[in-house]
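# Examining the three-dimensional arrangement
For reference, the chains in residue letters:
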Amino acid sequence: MEIHENDEANGGCVDAAGAGRRCGGCRDGAISRIEEYAFYGDGELREIRIPEGVTEIGDYAFANCWYLTEITIPESVTKIGAHAFDSCVSLKTVQLSDNITEMGESAFYRCLSLPEITLPASLTGISAHMFENCEGLVTVTVPEGLLEIGDSAFAGCKKLENCALPPNLTRVGSYAFDKCTLWNAELLPDTLTEIGEY
């Protein structure tokens, strides 16, 4: 199971089957899933490109990779597991597949350095705690088909300012925008049928 790492100083790619063992070359399409905890706490990862053919990123797959700054996710990926990038505190750039239909709870929890993100066009729900405590997050682009925002999804995003919500949104969970002091709550659409506690 191989993942490209664009870190020339460290020479080449990372073999996920060996949980960090370096390999000489990468073969796109060789794997279909990145397992749970595959790179958990890996201190060597900096910039990675997941190969085309992978369809799922497991729970906690890259959690606590403190020095990871950039990740590119190909169009073949349709699911990101819970806590997949939890506490990747240096992560600044995320390129998501537009074919992702499911992103688990706390997928990007406490990614302190992430300034902006564009969510997949096919995503209909933002899971609970997905971006909680992403203190540097300023701009989130959400898809037109988004129907639900989970509990505490953006709680603690103190710099969040730009997050226009689509007209068909029906639910905003409890504390979804808690402590988002710069975000204008008047932007909530009239189509909402459920708003949680604040």
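Look up: the structure comes first, before these words.
Let me sum up the structure you'll find in this document.

This paragraph deals with the overall build of the chain. Each helix and strand counted, the chain has 0 helices and 16 strands in total. A burial count over the chain gives 48% of its 198 residues as buried. Put simply, of all contacts in the chain between residues at least 6 apart along the chain, 25% involve residues at least 24 apart. In the form shown here, the chain has an accessible surface area of approximately 8,900 Å², with 45% of it arising from carbon and sulfur atoms.

With parallel pairing, 4 strands are arranged side by side in an open sheet as β4-β6-β8-β10. Two strands close off the open sheet at either side, each with one partner strand: β4 (33-34) and β10 (102-103). Two elements, strand β6 (residues 56-57) and strand β8 (residues 79-80), share 2 bridges in a ladder whose sense is parallel. Looking across to β8, one finds that E56 is bridged to K79.

This paragraph deals with the sheet that holds strand β15 (residues 171-172). Through backbone hydrogen bonds, the strands of a sheet pair up, either in parallel or in antiparallel fashion. With respect to topology, 4 strands assemble into an open sheet ordered β12-β14-β15-β16, the strand pairing being parallel. In this open sheet, the two strands that pair with only one neighbour each are β12 (125-126) and β16 (194-195). In the sheet, β12 pairs with strand β14 (residues 148-149) via 2 bridges, with the strands oriented parallel. The residue of β14 that forms the bridge with G125 is E148.

Under the criterion given, the structure shown has 8 salt bridges. A salt bridge links R171 to D151, with the nearest nitrogen and oxygen atoms 3.3 Å apart. With R171 in strand β15 and D151 in the loop between β14 and β15, the pair connects residues that are 20 residues apart, well separated along the chain. Between E194 and R171 there is a salt bridge whose closest N-O contact spans 3.2 Å. A residue pair is termed long-range when its members are at least 10 positions apart, and E194 in strand β16 and R171 in strand β15 qualify at 23 residues.

Bringing the environment of I31 into the picture now. Position of I31 relative to the elements: it lies in the loop between β3 (21-23) and β4. Spatially, the C-alpha atoms of I31 and P51 are 8.3 Å apart, while their sequence positions differ by 20 residues.

With that settled, the discussion passes to the state of the cysteines. One way to say it: the disulfide is the covalent bond shared by the sulfur atoms of two cysteines. Across all of its chains, the model carries 0 disulfides by this definition. Of the cysteine sulfurs around C65, a residue in no disulfide, the closest is that of C88, at 5.2 Å. Given a relative accessible area of 0%, C65 falls into the buried group. Not part of a disulfide, C134 finds its nearest cysteine sulfur in C111, a span of 5.0 Å.

Cut-offs used in this document
Residues numbered from 1 in each chain as written. Predicted model: local features only at pLDDT ≥ 70, side-chain atom pairs only at ≥ 80, totals over all residues. Heavy atoms only, no water. Helix = DSSP H or I, 4+ residues; strand = E, 2+ residues; numbered from the N terminus. Buried < 20%, exposed > 50% of the residue type's maximum accessible area, 1.4 Å probe, protein only. Contact = heavy atoms within 4.5 Å. Areas by Shrake-Rupley, 256 points an atom, 1.4 Å probe, with all protein chains shown as cover. Pairing = 2+ DSSP bridges. Salt bridge = Lys/Arg side-chain N within 4 Å of Asp/Glu carboxyl O. Disulfide = S-S within 2.5 Å.

By themselves, these figures tell us nothing about what the structure is for.
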